[in-house]
Amino acid sequence: MKISERVERVPPSGIRRFFELTEEMDDVISLGVGEPDFTAPWSAREAAIDSLEQGRTSYTANRGMMELREAIAERSRERYDLDYDPDGEVLVTAGASEAIDVAFRAFVDPGDRVAVAQPSYVSYVPGVTFAGGEPVPVPTREADDFELTVDALREHGAADAEALVFCYPNNPTGATMSERDLEPIAAFAREHDLTVLADEIYADLTYEGDHASIATLPGMRERTVVFNGFSKAYAMTGLRLGYALAPPEAITAMNRVHQYSMLSAPTTAQHAAIDALDNCEAQVREMRSQYDRRRRFVLSRFDEMGIDCFTAKGAFYVFPESPWEDAEAFAEALLDAEGVAVVPGDVFGAGGEGHLRVSYATGMNELREAMDRIERFLD
Ligand code: PMP
């Protein structure tokens, strides 16, 4: 069969490659995955079970169940004082991944440039490429606490892009950006008429300061699409549920793609998500405090080992400098010698070179054992 040139151009995921290496090994501790080790809160699972018992096995509205869209809009109002109309400004999707994918397909014409702040989640560049666009990597640097800067946007040609995609709290660095730090980025987007695609999937996993949404800044709501979902904060990765918030013309365009490709997000998961928003704040707080404990533990262990590690403030990753110049060789040797899986930073694009992504979405005992093994390997 003929495979499209666009697909041929995109290499397989570098994270997957490390998973495959670990599959053939015994006694591996994986700090490589971007997935909570917790199970979804019981009441959300029960809501899903109840919906099945009641026979709710049909499609929902393309944009998602109205009750869920209302709950999502309510959350945005409570957290950010941002009003989105549940009828026209909310789209429920199969994971934030689908929301991101339909946004690229809805907004990008062949040849359009899309600036991608990096290091970043690995789906943005392929998503832009699949949509026929030209990804424009914009690196962030440890010296700037991995925050996106206007200098980097200018230097790497974001001024003539159509859109800018970024993610804070960030995967893989754990960096966050305050409202003050986002202001110049917002000014740049307004000046150059950029659509901003803000991936806020880790917003509820912010450990220092409050999460700031760029959509709250003056003149930004009308040019921003916010992505969020239930995978991370609610430990619901397998339920595949996310959403986008944006002005009506953007949601209408995204829904055009969604209604022909996905029809509607999983119905059972939508029932779970309504419960998650209504009843699971305490569980989210509890998971967040456990992640925070692990974050501080991992940071202090790297510090004791003399490994430089940026103080991650959100998500569930730290991004230490690789003890060897060649981070990929280090990750492979560590896996081989001690059975600890971490991901080399260059997988996440520009600015990730020479670093390792270490996920702490792993139980404390395993984390302790993994850090002991890393120390032994270094010795
Ligand atoms: N955005 C980021 C930054 C992520 O890390 C992930 C998951 N690894 C996603 C989006 C996708 O999440 P979902 O499960 O909601 O599709």
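Looking at an unreviewed UniProt entry, one finds the chain named Aminotransferase, with Halococcus dombrowskii as its source organism. As stated in UniProt under Cofactor (unreviewed entry), the record for the chain gives "pyridoxal 5'-phosphate". Under the Subunit (unreviewed entry) heading, UniProt states for the chain: "Homodimer."

1. Overview of the nonpolar core
Counting residues in each nonpolar core, the largest one holds 65 residues, and the members touching the most others are Phe104, Phe227, Phe302 and Val318. When we break this core down by domain, the ones giving at least three residues each are domain 1 (5-40 + 282-378) and domain 2 (55-279). One finds Phe166, Ala186, Val196 and Ala198 within the second-largest nonpolar core, a separate group that totals 33 residues.

2. Concerning the UniProt feature "domain: Aminotransferase class I/classII large" (unreviewed entry) in the chain
Under the present numbering, the feature "domain: Aminotransferase class I/classII large" (unreviewed entry) in UniProt falls on residues 27-374. Overall, residues 27-374 shows 40% helix and 14% strand. The separation of its end C-alpha atoms is 14 Å.

3. Remarks on the sheet that holds strand E5 (residues 163-167)
The seven strands are arranged E2-E8-E7-E6-E5-E3-E4 in an open sheet whose pairing can be described as mixed. A strand with exactly one partner marks an edge of an open sheet, and here the two such strands are strand E2 (90-93) and strand E4 (134-139). Here the average twist between neighbouring strands, direction ignored, is 20 degrees.

4. Overview of a nonpolar patch on the surface
Nonpolar side chains collect at one region of the surface, where Met1, Ile3, Val7 and Phe130 lie side by side and expose about 470 Å² of accessible area between them. Structurally, Val7 can be placed in helix H1 (residues 5-9). Under the relative-accessibility criterion, Val7 is labelled partly exposed at 41%.

5. Focus on the site of the ligand
Lining the immediate surroundings of the ligand are 13 residues, of which Ala96, Ser97, Asp199, Ser231 and Lys232 lie closest. In the environment of the ligand, an oxygen atom lies 2.6 Å from a nitrogen or oxygen atom belonging to the side chain of Ser231. Here a nitrogen atom of the ligand sits 2.8 Å away from a polar atom, N or O, in the side chain of Lys232. Out of a free accessible area of 400 Å², the ligand has 92% covered by protein chains. Among the elements that line the shell around the ligand, the one with the most residues is helix H5 (residues 95-107), at three residues.

Reading the values: the criteria
- Residues numbered from 1 in each chain as written.
- Predicted model: local features only at pLDDT ≥ 70, side-chain atom pairs only at ≥ 80, totals over all residues.
- Heavy atoms only, no water.
- UniProt positions renumbered as here; feature names shortened; annotations may be inferred.
- Core = buried A, V, L, I, M, F, W, Y, C linked by side-chain atoms within 4.5 Å.
- Buried < 20%, exposed > 50% of the residue type's maximum accessible area, 1.4 Å probe, protein only.
- Domains from an automatic or database assignment.
- Helix = DSSP H or I, 4+ residues; strand = E, 2+ residues; numbered from the N terminus.
- Pairing = 2+ DSSP bridges.
- Axes fitted to C-alpha atoms, helices over the stretch in contact; angles between N-to-C directions.
- Patch = residues over 30% accessible without salt bridge, like charges linked within 9 Å, V, L, I, M, F, W, Y side chains within 5 Å.
- Areas by Shrake-Rupley, 256 points an atom, 1.4 Å probe, with all protein chains shown as cover.
- Salt bridge = Lys/Arg side-chain N within 4 Å of Asp/Glu carboxyl O.
- Near = heavy atom within 4 Å.
- Polar contact = N/O pair within 3.5 Å; in protein donor to acceptor, adjacent residues only side chain to side chain.

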